[in-house]
Amino acid sequence: MGLSLFEKIWRGHVVQEVTDGPTQLYIDRLYAHEVTSPQAFDTLRDKGIKVFRPEKVIAMPDHNTPSDQQEVIHDPVGRKQVETLKRNCEEFGIRHFAMGTKDNGIIHVVGPEKALSLPGMTIVCGDSHTSTHGAVGALAMGIGTSEVAEVLASQCILQQKPKSMRINVEGKLQPGVTAKDVALYIMAQLTTSGATGYVVEYAGSTIRNLSMEGRLTLSNLSIEMGSRAGIIAPDDTTFAYLKGREYAPKGEAWDKAVEQWRQLRSDDDAVFDSEVTFRAEDIKPRITYGTNPGAGIAVDEAIPALEDIAEAERNGFLAQLDYMQFKPGEKLEGKPVDYCFLGACTNGRIEDFRAFASVVKGRRKADNVVAWLVPGSWLVRQQIIDEGIDKVLEAAGFELRLPSCSACLAMNPDKVPAGKLAISTSNRNFVGRQGPGARTVLASPLTVAASAVTGVITDPRKLK
Amino acid sequence: MAKAKFNIVLSTCIPVAIDNCNTDLIIPARYLASTTRDPKFFGDAFMHDLRYDSEGKPVADFVMNRPEFSEAPHEGVHEIIVAGQNWGSGSSREHAAWAIAGYGVRVVISSSFADIHRNNLLNCFVLPVVVSTDFQQELFRTIAANPQAKVKVDVPNQTVTNMETGHSEHFEINGYKKYCLMNALDDIDFLLENRDKIEEYENR
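Calculation criteria
- Residues numbered from 1 in each chain as written.
- Chains lettered and ligands numbered in written order.
- Predicted model: local features only at pLDDT ≥ 70, side-chain atom pairs only at ≥ 80, totals over all residues.
- Heavy atoms only, no water.
- Pairing = 2+ DSSP bridges.
- Helix = DSSP H or I, 4+ residues; strand = E, 2+ residues; numbered from the N terminus.
- Axes fitted to C-alpha atoms, helices over the stretch in contact; angles between N-to-C directions.
- Contact = heavy atoms within 4.5 Å.
- Buried area = accessible area lost by both parts, 1.4 Å probe.
- Salt bridge = Lys/Arg side-chain N within 4 Å of Asp/Glu carboxyl O.
- Buried < 20%, exposed > 50% of the residue type's maximum accessible area, 1.4 Å probe, protein only.
- Domains from an automatic or database assignment.
- Polar contact = N/O pair within 3.5 Å; in protein donor to acceptor, adjacent residues only side chain to side chain.
- Nonpolar A, V, L, I, M, F, W, Y, C, P; charged D, E, K, R; others polar.

### Notes on the sheet that holds strand β16 (residues 370–373) of chain A
For sheets, the rule is that strands pair by backbone hydrogen bonds, running either parallel or antiparallel.
All names here are of chain A.
Inference 1: Taken in spatial order, the 4 strands line up as β16-β15-β17-β18 in an open sheet, and their pairing is parallel. Strand pairing shows two members of the sheet lacking a second neighbour, β16 and β18 (439–442), which therefore form its edges. For this sheet the average axis-to-axis angle between neighbouring strands, irrespective of direction, equals 20°.
Inference 2: As judged from the 4 bridges shared by strand β15 (residues 339–342) and β16, these two strands associate in the parallel manner. Paired with cysteine 340 across the two strands is alanine 371, which belongs to β16.

Right under this line is the structure:
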């Protein structure tokens, strides 16, 4: 029986099988950000130990970083957390990409774009969206702070081996449909816990034809259906993306690496614990209507009627709509929006800004809308400027902000006020996620752009 | 976080019948900027935005504020949460597990847990117990009928018992983790003891 890609990477990293227990897995790369690392460093200090392999750890602040200026964090608690990360990195000898420097950005944008995340690696970070890095063909998993301490101390974690699932998407995507829509569609079919206990591999012709940016978006959202990780086998698209980037192998080492990486694919006779297939032609631009990312519809569809919801789930369904101030059976297209957010580790890459700019070019931002356009890294921001996209955005009444997690999670000044409706390229529409009482509709950069110029939820395919 | 050796927990329960309760609800992001390890700080933030309104007043009809469930957990009282399915989805924030532990809860019973949160609970010495949906629903009914009803979680025998009905279920936990819980041992100590194996792996 053949092996899946997940199985190959997993087996290659087993240090030992603990008797009647988990697997001790070796970790090639630990990313650390300011929010989930301070208590882990404290644990090392308590025990009087050093970081075991500091060269395998990369740290940067992103969650608390403001997107309007980066001279100072006004909130003293957030400021202290960012300063603590810097101090911990100095004390323990870890590479640190400081706020406001050209190396900084959202960890899940910076890792792949600097080729710090490479095919075949095991990658962890105290952040659920670590699944993003799976797009380069790595096994990348979110972990808790105790596990961050474990990796700092030993470069290992103890994990129960997940099951394997393959999600195939076949066919050609329709115009106006992006990787974000594919992810939101899959989630709506499988639910937010549909892949709990699994590592997902995405495969099929649709996935093969996605750009690297699109694949990173798809892998990013794996966690939203409960998956431990979301892997995509590396191919020429992956290699072309990584080649020449800052930390990629160079010269002969590159050729040798690519030769090895080409082995990183599921064998033809690999067997998965679960396998599902979707058709690209069934996928339209998507939006969410509820308070979990699986509660979604096509942008031109109505919210399900109450009788279409299973009886046991009706109370939960109504509670979600009550928070969102939506009604069962209602269409959302045409509903006024207050905030538009382009960015986050989901959609803060160059392709997302190109897509957004392609829609708003020659149009104007609607007056009723506050728009936050936040690149995922300083590299992305520089590329936006190099390509002249910033000028297109400015001409349409938009302002390009500074790299940050920004309005994804209400840990920095970019918070959506209570009761306001935001259409957002981020990953979570949870109650209070973008600010206490804030209401979030998740969508692709194209749909957010179309809505930003009309001021109402808009199907990007219908924009005249 | 405080570590207490696990054996048998026999306690009344708090029913938190919210399905897909994500870790943003268990602890809102604004409490994540703290660098403290103070259990009380996180315990006070547990389910904060459901427990309190925007002016900081307790929300009277939220289960944790109802008189029969508002008593802070201590031995035999409210040490167990019976939770809705897919408990702890979303963000990997261990702060959610710190909030539960800091509040004084030792066991969370549900029909399913999100993977990262389940690991975090175990690492914070809160035991996640997976039961069947039928058993979970029976517990909700029992507690609704009698908030003083007790549930027994027997770690050595891996059983969970509704003391009102006498119904019992076996729950899964691997032998290694069970030993850790019963002896208050951390994964990190195990890993530090195995550094020779790690170096061996690196030299392969």
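Further notes follow.
### Let's talk about the interface of chain A and chain B
Inference 1: At the interface, 64 residues of chain A touch 46 residues of chain B.
Inference 2: Taken together, both faces of the contact between chain A and chain B bury some 4,300 Å²; the carbon and sulfur share is 55%.
Inference 3: Our enumeration of links across chain A and chain B arrives at 6 salt bridges.
Inference 4: Arginine 433 of chain A serves as the salt-bridge partner of aspartate 24 of chain B, at 2.9 Å between the closest nitrogen and oxygen.

### Some details on the pattern of salt bridges
Inference 1: According to the stated counting rule, one finds 40 salt bridges over all chains in the structure shown.
Inference 2: Where aspartate 235 of chain A meets arginine 215 of chain A, a salt bridge forms, and the shortest distance between an N and an O atom there is 2.9 Å. Of this pair, aspartate 235 of chain A sits in the loop between β11 (229–232) and α9 (236–242) while arginine 215 of chain A is found in helix α8 (residues 212–220), placing the two residues 20 residues apart along the sequence.
Inference 3: With a closest N to O distance of 2.8 Å, aspartate 459 of chain A and arginine 461 of chain A form a salt bridge.
Inference 4: According to the relative accessible area criterion, aspartate 459 of chain A is buried, its value standing at 1%.
Inference 5: Take arginine 461 of chain A: its relative accessible area is 32%, and that puts it in the partly exposed class.
Inference 6: Salt bridges here are not isolated pairs; linked through shared partners, they connect Asp42, Arg45, Asp46 and Glu91 of chain A together with Arg37 of chain B.

### Some details on the domain arrangement of chain B
All names here are of chain B.
Inference 1: Examined at the domain level, chain B breaks down into domain 1 (8–173) and domain 2 (174–204).
Inference 2: Distance from the C-alpha centre of domain 1 to the C-alpha centre of domain 2: 28 Å.
Inference 3: With 8 residues of domain 1 in contact, the opposing surface of domain 2 contributes 11 residues.
Inference 4: Taken over both partners, the interface formed by domain 1 and domain 2 buries close to 820 Å², and the fraction arising from carbon and sulfur atoms is 68%.
Inference 5: Taken together, domain 1 and domain 2 are joined by 0 salt bridges.
Inference 6: Our count for the contact surface shared by domain 1 and domain 2 stands at 3 residue pairs in polar contact (both at pLDDT 80 or more).
Inference 7: In terms of residue class, the side of domain 1 that touches domain 2 is made up of 6 nonpolar, 2 polar and no charged.

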